[in-house]
Structures are given as structure tokens and as C-alpha cells.
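Next come the chains, spelled out residue by residue.
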Amino acid sequence: MTITLAPDYRPAEDEEFMNPRQREYFRQKLLAWRAELLHDSSETLASLQDGGGLQEPDITDRASAETERALELRTRDRARKLISKIDAALRRIEDGSYGYCEETDEPISLKRLEARPIATLSIEAQERHERMERTRRDD
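The notes below deal with the structure included here. The structure displayed is predicted, hence computed values, not measured ones. All residue numbers refer to positions counted from 1 along the written sequence of the respective chain. Reporting in this predicted model follows two pLDDT cut-offs: at least 70 for local features of residues, and 80 or more for side-chain atom pairs to be given and counted; totals over whole chains, interfaces and linings ignore these cut-offs and use all residues. For side-chain calculations, the full set of non-hydrogen atoms in the structure is used, while hydrogens and water are omitted.

**Observations concerning the environment of Ser97**
Turning to step 1, where the next piece is worked out: On the secondary structure map, Ser97 appears in the loop between helix 2 (59-95) and helix 3 (110-115).
Turning to step 2, where the next piece is worked out: By relative accessible area, which is 28% here, Ser97 ends up partly exposed. Comment: elements are numbered from the N terminus, with helices defined as DSSP H or I runs of at least four residues and strands as E runs of at least two. Here the term buried applies to any residue with accessible area under 20% of the maximum for its type, exposed to any over 50%, and partly exposed to those in between, with areas from a 1.4 Å probe on protein chains only.

**Describing the packing of aromatic side chains**
Turning to step 1, where the next piece is worked out: Stacked, edge-to-face and tilted labels apply to pairs of Phe, Tyr and Trp rings (six-membered ring for Trp) whose centres lie within 6.5 Å, assigned for plane angles under 30 degrees, over 60, and everything in between, in that order. Tallied over the full model, the rule gives four aromatic pairs.
Turning to step 2, where the next piece is worked out: Relative to Tyr25, the ring of Tyr9 lies with its centre 5.8 Å away and its plane at 70 degrees, an arrangement referred to as edge-to-face. Of this pair, Tyr9 sits in the segment before helix 1 (20-50) while Tyr25 sits in helix 1, placing them 16 residues apart in sequence.
Turning to step 3, where the next piece is worked out: A relative accessible area of 6% places Tyr9 in the buried class.
Turning to step 4, where the next piece is worked out: Overall, the relative accessible area of 9% leaves Tyr25 in the buried class.
Turning to step 5, where the next piece is worked out: Considering the side-chain rings of Phe17 and Tyr100, the 5.1 Å spacing of their centres and the 85 degrees angle between planes classify their relative orientation as edge-to-face. With Phe17 in the segment before helix 1 and Tyr100 in the loop between helix 2 and helix 3, this pair connects stretches of sequence that are 83 residues apart.
Turning to step 6, where the next piece is worked out: An aromatic cluster is present here, built from Tyr9, Tyr25, Phe26 and Tyr98 joined pairwise through their rings.

Here you go:
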């Protein structure tokens, strides 16, 4: 069953939660985000293979290029981890668990999913989780 969404479609609170249109909306949003990250990653790879700045005769320029390269590699590593979370969210869409809190099984608000489509916890559960983390860190 193929679902076609209007270009201006946005999930609304008055709809049934995680109906087929909402699932398709978030699926498309996640796929677009994933494609953007992969595109950026391939640009980084091309830039790194080019070796830009590493042949600079000036030591300051070379150090600056190395710093930029290290930052770019860290950014790509974060993107790789994010792609993994996007893939997990896409699997949850397929198995029907997307949009529901992993802790409470309650729906995650549409506003939260819109802002962070890879969210696995409701705001309340996330806040509890963060409080527990802070408590453990403070001990």
C-alpha cells in the first residue's frame, strides 16, 4: 500500500496517533535526513582524499588544516552514529513501535518527534533518564 502525502502535510494532534500518513511522513523525513548526512559524508571523503592543506609549507597553515581535518572527522563520526539511529527509527516504523516511548509505551508527542524524529523516549521519560544520569555522575 503506497501512501502519497500532500507537500504541505504535517501530522496533527487531532489525527489518530501514528496512522499510516503520519508513519509515512516520518519515514520520508528520516530518509531525507539520512540522504543529506550521506551526501555530506561523501563530500568529506572527497575532501579528505584530496588532502587539502596537508602540503602547506607554512607550519601554522598546516596546523590549521590538521585541526579542520580532525574536526571534520569528529563531525563525520557523529553523523555515522546518527545514521545508525535513523536506521533504527526506520526499523521501528516498519515494526509499528515508532512514536512510542521505549520506557512507558506511551505516545511521544508529535512536537518532539518533529524536532527529533529519532526520539525513543517521551519528554518525561527523557527528563527522568537525564536526572538519573546526573545523579550517577555526581556520586
